[in-house]
Number of protein chains: 2
Amino acid sequence: MAISGGPGRDRPEPSGEPELPDVDELAISGKEPPSARVPLSRGRILSAALAFIDEEGIGALTMRRLGARLGVEAMSLYRYVPGREDLLDGVVDALVIELDGDLDVLRTPEHGWQDFLQRMAHGVRRMAIAHPRAFPLIASTPPEAPWLRPPLRSIRWVETFLAGLLAEGFDDEQAVAVYRAFTSFLLGNLLLEVSQRGAALGPLDLVEEEEPANGLSDAPTIERLSALLADDNSLQEFEESLESLIDRITIQIVAGSGA
Amino acid sequence: MAISGGPGRDRPEPSGEPELPDVDELAISGKEPPSARVPLSRGRILSAALAFIDEEGIGALTMRRLGARLGVEAMSLYRYVPGREDLLDGVVDALVIELDGDLDVLRTPEHGWQDFLQRMAHGVRRMAIAHPRAFPLIASTPPEAPWLRPPLRSIRWVETFLAGLLAEGFDDEQAVAVYRAFTSFLLGNLLLEVSQRGAALGPLDLVEEEEPANGLSDAPTIERLSALLADDNSLQEFEESLESLIDRITIQIVAGSGA
DNA sequence: CGCACGAGGCTTACACCGTAAGAAGCACCC
DNA sequence: GGGTGCTTCTTACGGTGTAAGCCTCGTGCG
């Protein structure tokens, strides 16, 4: 949460205001009809970028096109965003902020940490499904400056998660262990689900190859199974895996509490 | 695939098959000293691309630079590779091929499917650690043509894995279920491990900010925990998670066998 | 009122990118 | 010699991120 007064890193905006609100409105609005001149802001830019990615994918997002969508020249964006990579970082942060404001995943001290993890997982899942093309961003280190960054391109994610765990009574090492287990779980499950959800449109795009009766016939395997692969019963699977993970954490913590 | 005999260092290249000019040598050699004119081939290109990515990251890989590394003009690459995206696909496929030739993960019918999964997981892990900057490729749908593709950018991966599972006696639905669970597990665990392994160089690159005594003090959380986060005891964690997952599969399969 | 000023947006420019089209080298066989 | 294919190089085009500077106002101050 941290209403942008706290740990928000200061953007290299030395002038005027000491701190600018990273994401303000984030109205998740679509494209702007050429209405009155809305004054352009970091929030509006990030919001438009997210909408753009949702519609056309990350690769299609260029500064010029994003500018055009906002009725503005590309270079104007640089007044609010240091560059393209930082813009993508900003989109990820915006998603995370939207997430943990969405269901205020902290502030429920009465239901215990299992409930916290459940809420967190479902919140992230909802996000992944709502923005399937933006979600993989969270798991990809940016092409430039590949390391020397927080894992997963959003320090806010780590902060939010760890703070929640600590608030639930975990100690430092437990929190980190749970963070790892849970983040890797979410990452894997949701990346796979999102990618399969996309592939389900028309199953696997095997180039329509005429396998000329290869005697061994190992190609048909995937053709035969592609319907099963595209079959979308993933919510139930997600639930089961989630509960199983939470059980495992219980056991691990209980078993490890002696040490 | 082509028993490939004993310890001969010969690369897979299943020469019996009709025509598979995909990956031939893949010597994983480094940069080519300007020695004699080696004739350039898809395999050499993919190998150089992988080495390039390992050294400088995906973002730094351009056709021109890759050409220069091979002592060749950029356009020459297009005789063997349809374009940049396909080149990246090829790199992923090369990794997967290297993997399942590396430990011939099939062909061990005597040790049961748990052993198969163990070998698979460790093989992928070794690959992820050997090529940490290339590995995220496997989990990222290409920016163009985002859907309409096999999940995870390598149909070969799906094929190899499913074929192995079927060979171990799973039926179709079980194989798909195990494939999902296992792939998501590997993806999540290894993406996180790889990214943290990178971040461990110097912990989190917080811009050195002078937080002017914000009363709430929620910033230090991550600073305090960053050492723990960077701490690399991940092999053991991986093993534990792996065993736990395999147990879960056992239970699930046993429980689900009645249906 | 006049006017400097500065924020916000625009224009120009540059280096680099992927790649389409075709020219130039080259080994071979007739 | 003259084709005849490959393979590689040259040239060129449209697109990209972004550095540098210009223009245009609303605004505050004398």
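Residues numbered from 1 in each chain as written. Chains lettered and ligands numbered in written order. Predicted model: local features only at pLDDT ≥ 70, side-chain atom pairs only at ≥ 80, totals over all residues. Heavy atoms only, no water.

A. Here's a closer look at the protein's contact with DNA strand D. Within the structure, DNA strand D sits among 17 residues, and Arg-64 and Tyr-78 of chain A together with Glu-73, Ser-76 and Arg-79 of chain B are positioned closest to it. Take Arg-64 of chain A: an N or O atom from its side chain is 2.6 Å from a base nitrogen of DNA strand D. Arg-84 of chain A places a main-chain nitrogen or oxygen 2.9 Å from a phosphate oxygen of DNA strand D. For the surface near DNA strand D, the elements supplying multiple residues, two or more each, are helix H2 (63–69) of chain A together with helix H3 (74–77) of chain B. Element by element, the count of residues in the surface near DNA strand D is highest for H2 of chain A, at three residues. Its residues assigned to classes, the surface near DNA strand D shows nine nonpolar, three polar and five charged. (Near = heavy atom within 4 Å. Polar contact = N/O pair within 3.5 Å; in protein donor to acceptor, adjacent residues only side chain to side chain. Helix = DSSP H or I, 4+ residues; strand = E, 2+ residues; numbered from the N terminus. Nonpolar A, V, L, I, M, F, W, Y, C, P; charged D, E, K, R; others polar.)

B. Layout of the packing of aromatic side chains. Under the criterion given, the structure shown has twelve aromatic pairs over all chains. Between Phe-161 of chain B and Phe-182 of chain B the ring centres are 5.9 Å apart and the planes differ by 90°, which places this aromatic pair in the edge-to-face class. Here Phe-161 of chain B, found in helix H6 (residues 155–167), pairs with Phe-182 of chain B, found in helix H7 (residues 172–199); they are 21 residues apart in sequence, far enough to count as distant. Its relative accessible area of 0% is what places Phe-161 of chain B among the buried residues. A connected cluster of aromatic rings, assembled from ring pairs, spans Phe-116, Phe-161, Tyr-179, Phe-182, Phe-185 and Phe-238 of chain A. (Phe/Tyr/Trp six-rings, centres within 6.5 Å; stacked < 30°, edge-to-face > 60°. Buried < 20%, exposed > 50% of the residue type's maximum accessible area, 1.4 Å probe, protein only.)

C. Spatial organisation of the protein's contact with DNA strand C. Around DNA strand C, the surrounding shell holds 17 residues, and the nearest of these are Glu-73 and Met-75 of chain A together with Met-63, Arg-64 and Tyr-78 of chain B. Here a base nitrogen of DNA strand C and a side-chain polar atom of Arg-64 of chain B are 2.5 Å apart. Residue Arg-84 of chain B places a main-chain N or O atom 3.0 Å away from a phosphate oxygen belonging to DNA strand C. If you tally residues by element for the surface near DNA strand C, the top one is helix H2 (residues 63–69) of chain B, at three residues. Broken down by class, the residue content of the surface near DNA strand C amounts to nine nonpolar, three polar and five charged.

These values are about where atoms sit, not about what they do.
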